[in-house]
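Here is what each chain is made of, one letter per residue.
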Amino acid sequence: MEWRRRHVLGLYDFRPEEIEFVVDTARSMEEVLTRDIKKVPALRGKTVVNLFFEASTRTRTSFEMAGKRLSADVVNFSSSTSSITKGETLLDTARNIEAMKPSVIVIRHAASGAPHFLSRHVSCSIVNAGDGANEHPTQGLLDLYTILKAKGSVAGRKIAIVGDILHSRVVRSDLHSLGKMGAKLWLCGPATLLPREMGRTGATLTCDIREAVKDADVVIMLRIQLERQKTAYFPSLREYSRMYGLNRSVFSLAKEDAVIMHPGPINRGIELSDDLADCGNSLVLRQVESGVAVRMAILYLLAGGSHAAH
Ligand code: CP
């Protein structure tokens, strides 16, 4: 397949063969990461700018690591120490960064659609690293990649996604990455955090965590996003945890070899018990590991890397 995309704004318009192409490219990148010298010259002379307007540990660090593993120059921009604090707009900020000739801008922003907006105004590639509650496409791809590595396939597998569905950009990208690969998706949360229109995606909706987890191959737990909640969606965190937290008793309903995933950061003891977060069935840190390979693949494909990477 020939890669034709200039931007990665979301997975909504990705065709299954494009998703498979990213996965195949990530496999090549992962091979690089097993070498003693974990670096290839594929993006030498290219510059990647990480433009993060929201906090991040995993995404920002792994994009930086991914760019450096490919020999790109990586520049990290932090909104809190930038001229945004003096009133500069997003567009002016991006245009000024573009004037310094980067190949790729990776952006995380609280506003849904911010990456799409920039893609219409700058000439370099834009990667969405999370926009509001819209999408987090590289998380969707790394979740797929992690499941493929652990299970060998996703088609026909029951994957339960539990938690704050309403505010989650991860779920909106997972629906595309896992759904287009044929997973049987179940979305679960309190009725107030489970938009009924999500049923139109083909996913099964339930407010009963036991029904969602029963016979699941994969259970993806989501963080309660208190920072995006403008009203009370449930009586208390304690009650939420009792009803929608994953503990040993609920997880015992899943298949014996089921795995647990979480995009991070984990609210330990709320959506996921401490022992499950760190148990042998947990893929949480393998998701982070996959993130570097998947983000290397995306940067490589967008920045026109040569096959010297392989
Ligand atoms: N999964 C994820 O987006 O984590 P960060 O917010 O730490 O980047």
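Rules behind the numbers
- Every residue gets a number counted from 1 within its own chain, in the order that chain's sequence is written.
- Reporting of local features is limited, given that this is a predicted model, to residues whose pLDDT is at least 70; pairs of side-chain atoms are given and counted only at 80 or more, and all residues count toward the totals for whole chains, interfaces and linings.
- No hydrogens and no water enter the side-chain calculation; it runs on all heavy atoms of the structure.
- The nearness test applies per residue and asks whether one of its heavy atoms lies within 4 Å of the molecule or strand.
- In protein, a polar contact means a hydrogen-donor-capable atom and an acceptor-capable atom, both N or O and within 3.5 Å, with residues adjacent in sequence counting only if both atoms are side-chain atoms; elsewhere, any N or O pair within 3.5 Å suffices.
- Accessible surface area values rest on a Shrake-Rupley calculation with a 1.4 Å probe, where residue burial reflects the displayed protein chains alone.
- Each residue receives one of three labels: charged for Asp, Glu, Lys and Arg, nonpolar for Ala, Val, Leu, Ile, Met, Phe, Trp, Tyr, Cys and Pro, and polar for the others, Gly being one of them.
- All the domain ranges listed were derived from an automatic or database domain assignment.
- For Phe, Tyr and Trp, rings pair up if their centres lie within 6.5 Å, where Trp contributes its six-membered ring, and each pair is then called stacked (planes under 30 degrees apart), edge-to-face (over 60) or tilted (otherwise).
- The rule for a charge over a ring is simple: NZ of Lys or CZ of Arg within 6 Å of the ring centre, and within 35 degrees of the ring normal.
- Geometry is summarised by axes, namely lines fitted to C-alpha atoms with helices restricted to the contacting stretch, and by angles between N-to-C directions that run from 0 to 180 degrees.
- Secondary structure elements follow DSSP: runs of H or I of four or more residues count as helices, runs of E of two or more count as strands, with numbering from the N terminus.
- Orientation is classified from the angle alone, with under 35 degrees giving roughly parallel, over 145 giving roughly antiparallel, 65 to 115 giving roughly perpendicular, and any other angle giving oblique.
- Two helices crossing with the near one rotated counterclockwise from the far one by less than a right angle form a left-handed crossing, whereas a clockwise rotation gives a right-handed crossing.
- We call two residues contacting when some pair of their heavy atoms lies within 4.5 Å.
- Any Lys or Arg side-chain nitrogen found within 4 Å of a carboxyl oxygen on Asp or Glu counts as a salt bridge.
- For every residue, the accessible area obtained with a 1.4 Å probe (protein chains only) is divided by the maximum for its type, and the residue is called buried under 20%, exposed over 50%, and partly exposed between those limits.
- Scored from 0 to 100, pLDDT reflects the predictor's confidence in each residue.
- Here the expected length of a helix is defined as 1.5 Å per residue gap, with one fewer gap than residues.

Participant: Teacher, can you tell me more about the site of the ligand here?
Facilitator: Near the ligand, the surroundings consist of Ser56, Thr57, Arg58, Thr59, Arg108, His136, Gln139, Pro263 and Gly264. Between the ligand and Arg108 there is a distance of 2.9 Å, counted from an oxygen atom to a side-chain nitrogen or oxygen. Between the ligand and Gln139, the relevant distance is 3.0 Å, taken from a nitrogen atom to a side-chain nitrogen or oxygen of the residue. For the ligand, whose unbound accessible area comes to 250 Å², protein coverage reaches 91%. Here the shell around the ligand is built from residues that sort into one nonpolar, six polar and two charged. When residues are assigned to domains, the shell around the ligand turns out to be shared by domain 1 (16-136 + 289-302) and domain 2 (138-284), each giving three or more.

Participant: Please clarify how the packing of aromatic side chains should be interpreted in this entry.
Facilitator: To describe a pair of aromatic rings, you give the distance between the ring centres and the angle between the ring planes. Taken as a whole, this structure holds five aromatic pairs when the rule is applied. Considering the side-chain rings of Phe234 and Tyr240, the 5.0 Å spacing of their centres and the 35° angle between planes classify their relative orientation as tilted. Through pairs of rings, three or more aromatic residues link up here, namely Trp3, Phe14 and Phe21. The ring centre of Phe14 lies 4.0 Å from the NZ or CZ of Arg5, which sits over that ring. The lysine or arginine in question, Lys158, covers the ring of Trp186, its NZ or CZ lying 4.0 Å from the ring centre.

Participant: What should I look at first to understand the packing of helix H1 (residues 16-33) against helix H11 (residues 284-302) in this one?
Facilitator: The relative placement of two packed helices is expressed as an angle between their axes plus a distance between the axes. Interhelical geometry of H1 versus H11 gives an angle of 115° and a closest axis separation of 8 Å. Classified by the angle their axes make, H1 and H11 are roughly perpendicular. Regarding H1 and H11, the two cross each other, and that crossing is right-handed. Listed contacts from H11 to Phe21, Val22, Thr25, Ala26, Met29, Glu30, Val32 and Leu33 of H1 are Glu289, Val292, Ala293, Val294, Met296, Ala297, Ile298, Tyr300 and Leu301.

Participant: Help me understand the pattern of salt bridges, please; the structure alone is not making it clear to me.
Facilitator: Where side chains of opposite charge bring their charged atoms close, a pairing between them can arise. Per the stated rule, a full pass over the model turns up 18 salt bridges. Taking the shortest distance from any N to any O, the salt bridge between Arg15 and Glu18 comes out at 3.7 Å. With a relative accessible area of 42%, Arg15 lands in the partly exposed category. Take Glu18: its relative accessible area is 5%, and that puts it in the buried class. The partner of Asp24 in a salt bridge is Arg27, and the shortest N-O contact between them spans 2.8 Å. Linking Asp24 with Arg27, this pair stays in helix H1, spanning three residues, or about one helical turn.

Participant: Honestly, the confidence of the model for the protein chain in this entry has me stumped. Any pointers?
Facilitator: Any segment with low pLDDT has predicted coordinates that should not be analysed in fine detail. Per-residue pLDDT for the protein chain has a mean of 94; in total, 97% of the residues score no lower than 70. Low pLDDT (under 50) marks residues 306-310, which in the prediction has twelve contacts with non-local residues, meaning those over four places away or in another chain.

Participant: Where do I start with H11 in this structure?
Facilitator: In an α-helix there are 3.6 residues to a turn, and that puts residues three or four apart on one side. Its 19 residues place the ends of H11 27 Å apart at the C-alpha level, agreeing with the 27 Å of an ideal helix rising 1.5 Å per residue. The element H11 is extensively covered by neighbouring structure, given that 15 of its 19 residues are classed as buried. Directly after H11, the chain includes Gly304, whose backbone phi takes a positive value near 70°.

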